[in-house]
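Next come the chains, spelled out residue by residue.
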Amino acid sequence: MKKNKDSQSSPGILSTSSAMHSSGKTNARIIGSAVAGVSELALFHPVDTVAKRLMSTETQLIALSSPSQTRLNLNNAIFRNCASEGLAQKAISLFPGVGFGAAYKILQRVYKFGGQPLVLDMMTKRFGKDFDEKFGHKTGRTLLSATSGSLIGIGEIVLLPLDALKVKAQTAPEQLRGRGVFEIFRKEGFNLYRGAGLTAMRNAPGSFALFGGATAAKTWMGVGEDGVRATWTQDAIASCVGATASISVAQPLDVVKTRIQNRPFDSPEGGMTIFRRLIQNEGASGLFKGLTPKLLVVGPKLIFSFTIAQHLIGYFEHALK
C-alpha cells in the first residue's frame with residue numbers, strides 16, 4: 001500500500017535531478033526558479049519583443065507579389081524608429097522594457113515553476129484516487145497535472161500590471177516616456193489590469209496544455225513511475241511537446257490581449273471590439289501573428305528554463321538541508 005500511495009503522490013512533470021513533483025524546500029524553489037527567470041530573460045527578451053511588435057502591427061505584413069515590400073514591412077514593424085539604423089542600434093532597440101520584463105519574468109517563473117507542483121501535490125492528495133478510478137492512473141495523472149497548471153495560469157493575472165508595462169515599453173514606449181513607475185501605478189490603478197478576463201481565458205487552456213502535454217509526453221516515455229527520473233533528452237522532448245501545444249492554443253487570445261495592453265491608458269476599446277476589427281481588417285490569420293517566432297524559440301526556451309530551474313532547485317534543496 002505504501003508503494004502505491006507514493007506512486008500516486010508523485011505524478012509530476014518538472015524534474016531532472018530529483019523525484020518528480022517533490023515539493024522540495026521553498027527557498028530552493030524560489031532561488032532556482034528566479035535564476036532560471038533571469039537567465040531566460042537575458043537570452044529571450046529580444047525574441048519576445050519581436051513577437052509582441054508583430055502581434056501589435058495592424059496592417060498586412062506579407063506582400064506575396066513583392067518580397068522587397070515584405071522585407072520593408074517586417075523591418076519597420078520589428079525595429080520601429082530604429083528601422084534605418086545600423087545593426088548594433090537595431091539590436092539594442094530589442095531590449096525595451098527590460099526592467100519591467102525582469103520583474104515580471106522572475107516573479108512569473110517563481111510563481112509558475114514553484115507553485116504548480118504545490119497545487120498538484122494538494123490536488124493529488126485530495127483527488128488523486130478519484131482521478132485514478134475515473135480516468136485510469138496514467139490519464140488521471142496527466143489531467144491532474146494539467147488542471148493544477150490551469151489553476152496556476154489563471155492566478156497569473158495578479159502579475160498583469162508588470163506584463164502590461166513590459167508590453168507597452170516594447171510596443172508603445174511613448175506612453176511611458178517621462179513617467180515614473182510609482183506615478184504610473186498611482187494614476188492608472190486598475191487600468192493596468194485591463195484585459196484580465198482575456199488573460200485568464202488565455203492562461204487557463206495555455207497552462208493546461210503546457211503541463212498536461214509535458215506530463216503526457218513523460219508518461220508515454222515511462223518517466224515518473226516508481227521513481228524513474230527524466231533524462232536531459234526526455235525533459236527536452238516533454239518541454240517541446242507541452243510548450244508547443246500551449247503557445248498554439250493560447251496564441252489567438254494572446255494577440256488580442258497584446259493589442260489591449262498596448263492601447264493608450266484611456267482607450268475605451270474592449271477585447272471584443274479589437275477582435276472584430278482584427279477579423280474584419282486582417283482575417284483569421286491575424287490571430288496567429290507572431291506565432292512563428294514564438295514556436296521557433298519555445299522549445300529551446302522552455303528546455304533552458306525547465307532544466308536550469310529544476311537542477312538548481314535540486315542543488316539548493318540538498319545544500320539547504
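Sequence order as written defines residue numbering, which begins from 1 separately in each chain. Residue-level local features of this predicted model are given only where pLDDT is at least 70; pairs of side-chain atoms are given and counted only at 80 or more, and the full residue set underlies all totals for whole chains, interfaces and linings. The side-chain values count all of the structure's non-hydrogen atoms but skip hydrogen atoms and water molecules.

Draft legend 1. Just the overall build of the chain, in detail. Think of it this way: any DSSP run of H or I at least four residues long counts as a helix, any run of E at least two long counts as a strand, and we number them from the N terminus. Along the chain, the regular secondary structure elements total twelve helices and zero strands. Listing each helix as α and each strand as β along the chain from the N terminus yields α-α-α-α-α-α-α-α-α-α-α-α. Relative accessibility decides the category of a residue: with a 1.4 Å probe and only protein chains considered, values under 20% of the type maximum give buried, values over 50% give exposed, and everything between is partly exposed. The proportion of buried residues among the 321 residues of the chain is 52%. Between two residues, a contact is recorded if the distance between any of their heavy atoms is within 4.5 Å. Considering only residue pairs separated by 6 or more positions, the chain has 82% of its internal contacts joining residues 24 or more positions apart. What sets the accessible areas is the Shrake-Rupley method with a 1.4 Å probe; for residues, cover comes only from the shown protein chains. Of the roughly 15200 Å² of accessible surface on the chain, a fraction of 65% belongs to carbon and sulfur atoms.

Draft legend 2. Layout of empty space enclosed by the protein. A cavity here means a set of 1 Å grid points, computed over protein atoms only, where a 1.4 Å probe fits but cannot escape. A pocket is an open set with protein on both sides within 12 Å along at least 5 of 7 lines, and lining residues have an atom within 4 Å of a point. Grid points are joined across faces, edges and corners, and a volume is the space filled by probe spheres set on the points. Under the definition given, this model contains five cavities of 30 Å³ or more. Within this model, the largest cavity holds a volume of roughly 740 Å³. Lining the largest cavity are 37 residues; nearest its centre among them are K105, Q108, I247, K294 and K301. By residue number, the principal contributor to the lining of the largest cavity is helix α2 (residues 26-56), which donates eight residues. For the lining of the largest cavity, a count of residues per class yields 15 nonpolar, eight polar and 14 charged. Only Asp, Glu, Lys and Arg are considered charged in this grouping, and only Ala, Val, Leu, Ile, Met, Phe, Trp, Tyr, Cys and Pro are considered nonpolar; every other residue, Gly among them, is considered polar.

Draft legend 3. Focus on a nonpolar patch on the surface. On the surface, I31, V35 and L320 cluster together into a nonpolar patch covering about 200 Å² of accessible area. Residue class for V35 comes out partly exposed when judged on its relative accessible area of 34%. A patch is a set of surface residues, each over 30% in relative accessible area and not in a salt bridge, joined within 9 Å for like charges and within 5 Å for the nonpolar side chains Val, Leu, Ile, Met, Phe, Trp and Tyr. Here, a salt bridge means any Lys or Arg side-chain nitrogen found within 4 Å of an Asp or Glu carboxyl oxygen.

Draft legend 4. Focus on the environment of F131. Residue position: F131 is located in helix α5 (residues 98-135). Distance in space between the C-alpha atoms of F131 and T142 is 9.7 Å, their sequence separation being eleven residues. Other than its neighbours up to four places away in sequence, F131 contacts G136, G140, L143 and L144.

Draft legend 5. Region of the structure containing the packing of aromatic side chains. Between rings of Phe, Tyr and Trp, where Trp is taken as its six-membered ring, a pair exists when centres lie within 6.5 Å; planes separated by under 30 degrees are stacked, by over 60 edge-to-face, and by other angles tilted. On inspection of all chains with the given rule, the structure shows two aromatic pairs. Relative to F304, the ring of F44 lies with its centre 6.3 Å away and its plane at 65°, an arrangement referred to as edge-to-face. With F44 in helix α2 and F304 in helix α12 (residues 291-319), the pair connects residues that are 260 residues apart, well separated along the chain. Centre to centre, the rings of F131 and F135 are 5.6 Å apart; their planes meet at 50°, and the pair counts as tilted. Here F135 and F131 lie together in helix α5, a separation of four residues that amounts to about one turn. What makes F131 buried here is its relative accessible area of 18%. Consider the ring centre and the ring normal. A charge sits over the ring if Lys NZ or Arg CZ is within 6 Å of that centre and within 35 degrees of that normal. For K90, the ring lying beneath its charged end belongs to F79, and the centroid distance is 5.0 Å.

Draft legend 6. Here's a closer look at unusual backbone geometry. Residues other than glycine seldom take positive phi values, yet R80 does so here, at roughly 50°. With respect to the secondary-structure elements, R80 resides in the loop between α3 (67-79) and α4 (87-92).

Draft legend 7. A look at the packing of helix α6 (residues 137-155) against helix α9 (residues 196-220). The convention used is that axes are lines fitted to C-alpha atoms, helices contributing only their stretch in contact, and that angles between N-to-C directions extend from 0 to 180 degrees. Here α6 crosses α9 at 150°, and the two axes come no closer than 7 Å. Taken as axis vectors, α6 and α9 run roughly antiparallel relative to one another. The handedness of the crossing between α6 and α9 is right-handed. In this structure, α6 uses K138, R141, T142, L143, S145, A146, T147, G149, S150, G153 and I154 to contact α9, whose residues at the interface are A200, N203, A204, S207, F208, F211, G212, T215, A216 and T219. Here the contact of α6 with α9 is composed, by residue class, of eight nonpolar, eleven polar and two charged. What sets the label is the angle itself: under 35 degrees gives roughly parallel, over 145 gives roughly antiparallel, 65 to 115 gives roughly perpendicular, and the rest give oblique. Note: crossing handedness is left-handed where the near helix turns anticlockwise from the far helix by less than a right angle, and right-handed where it turns clockwise.

Draft legend 8. Quick peek at the pattern of salt bridges. One pass over the full model with this rule turns up six salt bridges. As a salt-bridge pair, E156 and K112 come within 3.1 Å of each other at their nearest N and O atoms. One end of the pair, E156, is in the loop between α6 and α7 (160-171); the other, K112, is in helix α5, with 44 residues separating them in the sequence. For the pair shown, E156 and K112 are each scored as buried. A salt bridge links R202 to D254; its shortest N-O distance comes to 2.4 Å. Taken together, the residues R202 in helix α9 and D254 in helix α10 (residues 232-261) connect sequence positions 52 residues apart. Taken as a pair, R202 and D254 share a single burial class, namely buried. Overlapping salt bridges bring together R259, E282 and K289 as one network.

Draft legend 9. Quick look at the side chain of S93. One can find S93 in the loop between α4 and α5. The exposure class assigned to S93 is buried, which follows from its relative accessible area of 13%. Ignoring anything within four residues of it in the chain, the contact list for S93 reads R53, F79 and C82.

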